[in-house]
Amino acid sequence: MSVPPSVPVSSPSPSLPPAARRPGSPVAGFGLDLLIAIGALLGLSLACSLAWGLWRGIEVGMEAARTGNGPPAAADMAALMGDPGALAQILIALIGTGGAALLLYFWRRRATPGERVQSRQAALRPSTWGWTVLVAAGVFAGSSLIGMIAKQLGIEPVPTNLPLMEQALAQYPAFLVAFAVFLAPAYEELLFRRVFFGRLWAADRPWLGMLLSSAAFALVHEIPGTSPNTLPAMLQLWLIYGGMGAAFAWLYRHTGTLWAAIGAHSINNAIALAALVFFGAQ
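Residues numbered from 1 in each chain as written. Predicted model: local features only at pLDDT ≥ 70, side-chain atom pairs only at ≥ 80, totals over all residues. Heavy atoms only, no water.

S.K.: What should I look at first to understand the overall build of the protein in this one?
M.R.: Secondary structure summary: the protein contains 10 helices and 0 strands in total. Counted from the first residue to the last, the protein has its helices and strands arranged as α-α-α-α-α-α-α-α-α-α. For the protein, buried positions account for 42% of its 282 residues. Summing over all exposed atoms, the protein offers an accessible surface of approximately 14,600 Å²; the carbon and sulfur share of this is 72%. (Helix = DSSP H or I, 4+ residues; strand = E, 2+ residues; numbered from the N terminus. Buried < 20%, exposed > 50% of the residue type's maximum accessible area, 1.4 Å probe, protein only. Areas by Shrake-Rupley, 256 points an atom, 1.4 Å probe, with all protein chains shown as cover.)

S.K.: Explain unusual backbone geometry to me, please; I cannot follow it from the model alone.
M.R.: In terms of backbone geometry, most residues other than glycine have negative phi values and most peptide bonds are trans. In this structure, Asp 204 is a non-glycine residue whose phi angle is positive, near 65°. Residue position: Asp 204 is located in the loop between helix H7 (173–202) and helix H8 (206–221).

S.K.: Got a minute to help me understand the environment of Leu 191 in this structure?
M.R.: Following the sequence through the fold, Leu 191 ends up in helix H7. The class of Leu 191 is buried, set by a relative accessible area of 4%.

S.K.: Can you walk me through the packing of helix H5 (residues 126–152) against helix H10 (residues 258–279) in this structure?
M.R.: Between two packed helices, both the angle of their axes relative to each other and the distance between the axes serve to describe the pair. Put simply, H5 and H10 touch, their axes get as near as 9 Å, and they point 40° apart. As far as their axial angle goes, H10 and H5 are oblique. For the element pair H5 and H10, the recorded crossing hand is right-handed. Here Thr 128, Trp 129, Thr 132, Val 133, Ala 136, Val 139 and Phe 140 of H5 come into contact with H10, specifically with Trp 259, Ala 260, Gly 263, Ala 264, Ile 267, Asn 268 and Ile 271. Tallied by class, the residues present in the contact of H5 with H10 amount to 10 nonpolar, 4 polar and no charged. (Axes fitted to C-alpha atoms, helices over the stretch in contact; angles between N-to-C directions. Parallel < 35°, antiparallel > 145°, perpendicular 65-115°, else oblique. Left-handed = near helix turned anticlockwise from the far one by under 90°. Contact = heavy atoms within 4.5 Å. Nonpolar A, V, L, I, M, F, W, Y, C, P; charged D, E, K, R; others polar.)

S.K.: Is there a simple way to explain a nonpolar patch on the surface in this structure?
M.R.: A surface patch of nonpolar side chains, amounting to about 300 Å² of accessible area, comprises Leu 54, Ile 58 and Met 62. Position of Ile 58 relative to the elements: it lies in helix H1 (residues 26–67). (Patch = residues over 30% accessible without salt bridge, like charges linked within 9 Å, V, L, I, M, F, W, Y side chains within 5 Å. Salt bridge = Lys/Arg side-chain N within 4 Å of Asp/Glu carboxyl O.)

S.K.: Hey, could you run me through helix H4 (residues 113–123) in this one?
M.R.: Within an α-helix, residues lying three or four positions from one another point in the same direction, as the helix has 3.6 residues per turn. Restricting attention to buried positions, one finds in H4 the residues Glu 115, Gln 118, Ser 119, Ala 122 and Ala 123. All buried residues of H4 project into a common sector of 135° when viewed along the axis, lining one side. Those residues of H4 that are exposed and angled more than 90 degrees off the buried face are Pro 113 and Arg 120. (Arc of directions from axis to C-beta.)

S.K.: Explain the packing of aromatic side chains here, please?
M.R.: Taken as a whole and judged by the stated rule, the model has 10 aromatic pairs. Geometrically, the ring pair formed by Trp 201 and Tyr 252 is edge-to-face, given 5.1 Å between the ring centres and 85° between the ring planes. Of this pair, Trp 201 sits in helix H7 while Tyr 252 sits in helix H9 (residues 231–255), and the two are 51 residues apart along the sequence. Exposure remark for Trp 201: the relative accessible area of 4% places this residue in the buried category. (Phe/Tyr/Trp six-rings, centres within 6.5 Å; stacked < 30°, edge-to-face > 60°.)

S.K.: How should I be thinking about the nonpolar core in this particular structure?
M.R.: The nonpolar side chains of soluble globular proteins are, as a tendency, buried together. Grouped together as the largest cluster of nonpolar side chains are 49 residues, with contacts concentrated most on Ile 90, Leu 191, Phe 196, Met 244 and Phe 248. Taken together, the elements giving at least two residues each to this core come down to H1, helix H3 (86–108), H5, helix H6 (162–171), H7, H8, H9 and H10. Broken down by element, this core gets its largest block of residues, 14 residues, from H7. Excluding residues that lie within four positions of it along the chain, Leu 191 makes contacts with Ala 37, Thr 97, Ala 100, Ala 101, Leu 104 and Phe 196. (Core = buried A, V, L, I, M, F, W, Y, C linked by side-chain atoms within 4.5 Å.)

In structure tokens, the structure reads:
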């Protein structure tokens, strides 16, 4: 496992000390991290889905017993159970992706005591939060500009998670705010910036780390084959998500603390959620 770079407090763009490097291919390490994350995400999501199905099956059976209709036929069971609602889907995403992030962090990319001290020192610098706000504003402005240009070209994508967000906003607004503004930015930054980007940054290949981690970030948000969007619309969404991931990776490296990337991500999600509340889907 590569050792993460030391972040000097006096330098906003730290370089990796030669003594921190270890033999082995950092790209292979990145690929292994990615495979472990995919396996953990799919396994945890499947386990949560099975738990939800078991719970719904028990509820359907108890309801049938109360009404005296007897157990439902197997052919009717799926219709009676229905699909997971907004709350269940968000919880599955939280456990699946959040669990994968925690697994990779503690297993393969845990911060050293020295890194934690340096991160706290960086988080206490006012300039860190000035850069955080600036990057968050830049991400929002850049995404808006890309959307405006694409709209002029007749490209108007619909993010895959938009219907889920609208349903959750109508039914569980407080939980959606907690998830989108606080929880999701924390575990996504831990996985994509600390684990994925951090491995290649530690190997003194930060630009490759930005490219690969941002591509993974974009593909996780818009998985090919799961969206009705056209190819140009998908390319637009990938460009927005990829640019967002690269900006957060740059901020992490520039400030020396993951809290800055989490903060910028939280601000961006808060702005997007506010826009959904006041203006609806555009």
